[in-house]
Each structure stands twice: as C-alpha cells, then as structure tokens.
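# Structural overview
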Amino acid sequence: MNLFTKETTAECDSTVVLDPTEQAPAKARRFLAGRFAEWGVADDDTGRLIVSELVTNALVHGDGPIVVRVFQDERDGRPVIEVWDGGEGQPVMRPENYAATDGRGLLMVALLAHDWGTRPLLEGGKVAWAKCGL
C-alpha cells in the first residue's frame, strides 16, 4: 500500500491526509489547532502559521496527497509539525528579496521555528518539518 493512500487510523490520530486543493492549508491549521488544544497549548498562532506555510509549499511544489503529522517530541515536549508530499524536489529557502511577491514561506518557517529541515522519503517524496519553540 502506498504511504500517501493509506487511511488514517486511530493508532495515529496525530496524522491527517489532505487532498492537494486550495482548502488544504486551512484544514491543516484547524487540525493543528485541535491537537494543540488537546495538549493545553493556548497560543497556537506560530504553529498555525508554520503548518500553513509547509502545506502551501507542498501544494504548490509537491505532488499528490499532503500528509500532516503533529506530535510532541518525547525529549523536550515541543510540538513537531511534519508535512509529507510525493514530489521529488527538495524545498529550498530562497535568498531574501524584498521585491518578490512570493517565496518567503521557508524563510518565515526558519525564523519562527525552534528548528526545521527537510528529508527525502525512501518511498519517494519528501518531508518538511519544524519544531515549535513553545
């Protein structure tokens, strides 16, 4: 079974699979807000911005369904956001350009997150992740 087509089950209630549509970033923000509320995190603004940027990047530059996973790091308790897509290219942070009308998403993620990065998936595609600095 393909990683991007398997159903989300109760074993992994921290994961949601989104269709690659314009509604995906809003659905990801609502999903993250729900998880943060379960953990008692009242200020989810930064997390919602980060997940929105990562999902938008997957929507624009990726391929296939978008998988969002939100969990707490067992070592320090900080929330981690992962966004998976089936696109082959790796996200690249563009140099700062004040005249540009787009291309600032990863720069914002880098400035807002405690840590962030990307990695390829063995099955194809990639994961972009960010650890919130709560």
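## Some details on the packing of aromatic side chains
- All told, the structure shown has one aromatic pair when counted by the stated rule.
- With centroids separated by 5.7 Å and ring planes inclined at 35 degrees, the aromatic side chains of phenylalanine 36 and tryptophan 39 adopt a geometry described as tilted.
- Relative accessible area serves as the criterion here: at 0%, phenylalanine 36 is assigned to the buried category.
- Tryptophan 39 sits in the partly exposed class, given a relative accessible area of 22%.
- Sitting over the ring of phenylalanine 71, arginine 69 keeps its end group 4.1 Å from the ring centre.

## As for the side chain of lysine 131
- Along the chain, the position of lysine 131 falls in strand β5 (residues 126-131).
- Within the local environment of lysine 131, its side chain forms a polar contact with the side chain of aspartate 73, the two groups lying 2.8 Å apart.
- A distance of 3.0 Å separates the side chain of lysine 131 from the side chain of aspartate 76, its partner in a polar contact.
- The contacts of lysine 131, once residues within four sequence positions are left out, are Asp73, Arg75, Asp76, Arg78, Pro79, Val80, Ala113, His114 and Asp115.

## Description of the sheet that holds strand β4 (residues 115-120)
- Strand order in this open sheet of five strands is β1-β2-β3-β5-β4, and the pairing throughout is antiparallel. Edge positions in the sheet fall to β1 (15-18) and β4, since each has one partner strand and no second. Neighbour-to-neighbour, the strand axes of the sheet open up by a mean angle of 15 degrees, direction not taken into account.
- Here β1 pairs with strand β2 (residues 66-72) via four bridges, running antiparallel.

## A short note on the packing of helix α1 (residues 24-38) against helix α2 (residues 45-61)
- Running from amino to carboxyl end, α1 crosses α2 at an angle of 145 degrees, the nearest separation of the two axes being 8 Å. Regarding α1 and α2, the two cross each other, and that crossing is right-handed. Only Gly47, Arg48, Val51, Ser52, Val55, Thr56 and Leu59 of α2 make contact with α1, whose side of the interface consists of Ala24, Pro25, Ala28, Arg29, Leu32, Ala33 and Phe36.
- When its residues are assigned to classes, the contact of α1 with α2 shows nine nonpolar, three polar and two charged.

The rules we used
Residues numbered from 1 in each chain as written. Predicted model: local features only at pLDDT ≥ 70, side-chain atom pairs only at ≥ 80, totals over all residues. Heavy atoms only, no water. Phe/Tyr/Trp six-rings, centres within 6.5 Å; stacked < 30°, edge-to-face > 60°. Buried < 20%, exposed > 50% of the residue type's maximum accessible area, 1.4 Å probe, protein only. Lys NZ or Arg CZ within 6 Å of the ring centre and 35° of its normal. Helix = DSSP H or I, 4+ residues; strand = E, 2+ residues; numbered from the N terminus. Polar contact = N/O pair within 3.5 Å; in protein donor to acceptor, adjacent residues only side chain to side chain. Contact = heavy atoms within 4.5 Å. Pairing = 2+ DSSP bridges. Axes fitted to C-alpha atoms, helices over the stretch in contact; angles between N-to-C directions. Left-handed = near helix turned anticlockwise from the far one by under 90°. Nonpolar A, V, L, I, M, F, W, Y, C, P; charged D, E, K, R; others polar.

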